[in-house]
Amino acid sequence: MKGIIAGQVHTVNDTCTDCGSFVDIGAVIDEHDTELALHFHGESAMQDAQTLAARASARFDKTQVKITPEGEDVHLVLTFDVSAEKMIFQLQNGL
């Protein structure tokens, strides 16, 4: 903890003086983490992927969808506009 604090720029204050907690927000949220890759298997793989893709597009209109069939498997990649959208979508859908 002392090493992290020592390595920070002096203008950074990420210590909560009220609760005594230290939080490194960058360790929790990466602004470039906007891609969610999911793998589906089985007879309903394509339908499941399309359903989840439609749910993402309906919730966040700038979401880019890429569905790639691979035999009986389907690979779905959702690219969200910002990382917060990805996190919200994962939480709302139990992913």
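The model shown is predicted, which means the values in this text are computed figures rather than measured ones. (Residues numbered from 1 in each chain as written. Predicted model: local features only at pLDDT ≥ 70, side-chain atom pairs only at ≥ 80, totals over all residues. Heavy atoms only, no water.)

Undergrad: Even after reading the chapter, I still don't get the pairing of strand 1 (residues 35-41), so can you show me in this structure?
TA: As a general feature of sheets, a regular strand has side chains that alternate between the two faces. The alternating pattern of strand 1 places Leu36, Leu38 and Phe40 on a buried face and Glu35, Ala37, His39 and His41 on a face that is not buried. Judged from the seven bridges that link them, strand 1 and strand 3 (residues 73-79) form a sheet pairing that is antiparallel. Along strand 3, the bridge assignment pairs Leu38 with Leu76. (Buried < 20%, exposed > 50% of the residue type's maximum accessible area, 1.4 Å probe, protein only. Helix = DSSP H or I, 4+ residues; strand = E, 2+ residues; numbered from the N terminus. Pairing = 2+ DSSP bridges.)

Undergrad: Is there a simple way to think about the pattern of salt bridges in this case?
TA: Oppositely charged side chains can pair when the atoms bearing their charge come close. Tallied over the full model, the rule gives one salt bridge. We note a salt bridge from Lys86 to Asp33, for which the minimum N-O separation is 2.7 Å. Note that Lys86 is positioned in helix 4 (residues 83-93) and Asp33 in the loop between helix 2 (25-28) and strand 1, a separation of 53 residues in sequence. A relative accessible area of 36% means that Asp33 is categorised as partly exposed. (Salt bridge = Lys/Arg side-chain N within 4 Å of Asp/Glu carboxyl O.)

Undergrad: What exactly am I supposed to notice about the packing of aromatic side chains here?
TA: Two measures describe an aromatic ring pair: the distance that separates the ring centres and the angle between the ring planes. Applying the stated criterion across every chain, the model contains two aromatic pairs. When the centroid spacing of 5.9 Å and the interplanar angle of 85° are considered together, the rings of Phe60 and Phe80 count as edge-to-face. Placement of the pair is Phe60 in the loop between helix 3 (45-59) and strand 2 (64-70) and Phe80 in the loop between strand 3 and helix 4, with a sequence separation of 20 residues. Each member of the pair Phe60 and Phe80 is classed as buried. Judged by centre distance (5.5 Å) and plane angle (45°), the ring pair of Phe80 and Phe89 falls under tilted. One exposure class covers both Phe80 and Phe89, and it is buried. An aromatic cluster is defined as three or more aromatic residues linked by ring pairs; in this entry it consists of Phe60, Phe80 and Phe89. (Phe/Tyr/Trp six-rings, centres within 6.5 Å; stacked < 30°, edge-to-face > 60°.)

Undergrad: Whenever I open this one, helix 4 confuses me. Can you help?
TA: Helical periodicity: at 3.6 residues per turn, an α-helix aligns residues three or four positions apart in one direction. The set of residues buried in helix 4 consists of Ser83, Glu85, Lys86 and Phe89. The arc enclosing the buried residues of helix 4, seen along the axis, measures out at 160°, which places them on a common side. The secondary structure elements touched by the buried residues of helix 4 are strand 1, helix 3 and strand 3. One or two steps after helix 4, the chain reaches Gly94, where phi turns positive at roughly 65°. (Arc of directions from axis to C-beta. Contact = heavy atoms within 4.5 Å.)

Bear in mind that shape data such as this cannot, by itself, settle questions of function.
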